[in-house]
Amino acid sequence: MSRVQMVTVEEGEGDQRLDRWFKRKYPQISQGRIEKMCRKGEIRVDGGRVKAATRLETGQQVRIPPLPDSEAPPPPKRTRVTEADAKFIRSCVIYRDDQVIALNKPPGLPVQGGSGQSDRHVDALAEALMFDLDEKPRLVHRLDKDTSGVLLMARTRSVAAALTASFRHRETRKIYWAAVAGVPHPKHGTIKYGLVKAPGHGARGEGEKMIAVHPRDVDVTEGAKRATTDYAVLAQAGGRTCWTALIPVTGRTHQLRAHMAEIGHPIIGDGKYGGSGQENLGDGWGAHLGGDLSKKLHLHARSLTLEHPVTRAQLHLVAPLPDHMVRTWETFQWQPSDVPADPFEEDWG
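Residues numbered from 1 in each chain as written. Predicted model: local features only at pLDDT ≥ 70, side-chain atom pairs only at ≥ 80, totals over all residues. Heavy atoms only, no water.

Per an unreviewed UniProt entry, the chain carries the name Pseudouridine synthase and comes from Sulfitobacter aestuariivivens. Database annotation for the chain, UniProt heading Sequence similarities (unreviewed entry): "Belongs to the pseudouridine synthase RluA family." In its Function (unreviewed entry) section, the UniProt record describing the chain reads: "Responsible for synthesis of pseudouridine from uracil." (UniProt positions renumbered as here; feature names shortened; annotations may be inferred.)

So, in structure tokens, the structure goes:
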């Protein structure tokens, strides 16, 4: 049994949850034991009571109560990524330096594990993206499983904290490309419906979705959050479908998908929000185009622009379209070279 200790949060250890910091220091202590010690006030930060989820800052003093030498088995060793999976995830890298890695995440690959997800996801495969460092890169934002495109990861804890803050404070610019049913009018606009989570139907909430709420009702709807999306039509195929650029001004769950469906133009392939069996017959509604065109989700994180967390240079990352969207673009003769990198800053259309 150890003695009471006062441990300082060191440089590079800040901006993380207390329980995660604690388990890195003392892997033999279970999550339940950490939470119990917090409830009893045995773990304190700068003399004050804390919760397991309290975020630590560099320089703070953490009181560590007497701990047993062994309470639970240490965390399992890292699962070795197969050679095939390592080659696969490395092929997704579109940018890499000493601080960050950017992937072009393929559709169908989850970013993290969770309820209903397989063990094969970006966070697990990141073991193969360590390259010359001793730690695997960390996720700093998310993409839906079926959404493809730019996914940024931090290669150190301090860079992860800086990038997480950039996303939280909206200091990044994300542009998505989508094929949507019909053609929105006007062709440039802003969607401001709030979003509230509807419960899923499974035992663990599987199948949950977001419900749009009129802006005037957001403040009186329990759990609703304001959400804003900018859109611009870049090209169209008659009135049947169009190529649309989208900017999520806010970052709510399923925001782009729920917003486009709410204005009557769901994203092609989006069975959750656009109707799983509904084909677009030319009137603008329906998540599928029929024929040989793919039924996969046509939503792609095309570009991400931000200030590099270390060099402070502007970092502009662009991800090529996935194969199923390439085929759709070719069918309608839509050429990526024909549109500006940022149509929201151009006199477009």
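On to the layout of surface pockets. Of the voids in this model, the second largest pocket is the one considered here, and its volume is about 160 Å³. Forming the walls of the second largest pocket are 13 residues, and the residues nearest its centre are P106, P107, L321, P322 and D323. For the lining of the second largest pocket, the secondary structure elements donating two or more residues are β8 (100-105) and α8 (323-331). The greatest single-element share of the lining of the second largest pocket, amounting to three residues, is contributed by α8. Residue composition of the lining of the second largest pocket, by class: five nonpolar, four polar and four charged. (1 Å grid on protein atoms, 1.4 Å probe; cavity = no way out; pocket = protein on both sides within 12 Å on 5 of 7 lines; lining within 4 Å. Points joined across faces, edges and corners; volume = space filled by probe spheres on them. Helix = DSSP H or I, 4+ residues; strand = E, 2+ residues; numbered from the N terminus. Nonpolar A, V, L, I, M, F, W, Y, C, P; charged D, E, K, R; others polar.)

By size, the foremost hydrophobic cluster in this structure holds 32 residues, and its most contacted members are L103, L246 and L299. Filtering out sequence-adjacent residues up to four positions away, L103 remains in contact with I89, C92, V93, I94, V122, L129, G149, V150, L151 and M153. Counting 18 residues, the second largest nonpolar core, distinct from the first, contains I175, L234, I268 and L321. (Core = buried A, V, L, I, M, F, W, Y, C linked by side-chain atoms within 4.5 Å. Buried < 20%, exposed > 50% of the residue type's maximum accessible area, 1.4 Å probe, protein only. Contact = heavy atoms within 4.5 Å.)

As defined by bridge partners, strand β7 (residues 93-96) adjoins β8 across three bridges and the pair is classed as antiparallel. Opposite V93, over in β8, you have L103 as the bridge partner. Connecting β7 to the antiparallel partner β8 that follows it, the hairpin turn spans three residues. (Pairing = 2+ DSSP bridges.)

Bringing the packing of aromatic side chains into the picture now. Evaluated as defined, the whole model comprises six aromatic pairs. On the basis of an interplanar angle of 90° and a centroid distance of 5.0 Å, the ring pair of W329 and W334 is categorised as edge-to-face. Per residue, the accessibility class of W329 equals that of W334, and both read buried. Lying over the aromatic face of F131, R96 brings its terminal NZ or CZ to 3.9 Å of the ring centre. Over the ring of F88 we find R120; its NZ or CZ atom is 4.6 Å from the centre of that ring. (Phe/Tyr/Trp six-rings, centres within 6.5 Å; stacked < 30°, edge-to-face > 60°. Lys NZ or Arg CZ within 6 Å of the ring centre and 35° of its normal.)

Below, the discussion takes up the sheet that holds strand β1 (residues 5-8). The four strands are arranged β1-β6-β3-β4 in an open sheet whose pairing can be described as antiparallel. The sheet is open, and its two edges are formed by β1 and β4 (48-49), each paired on a single side.

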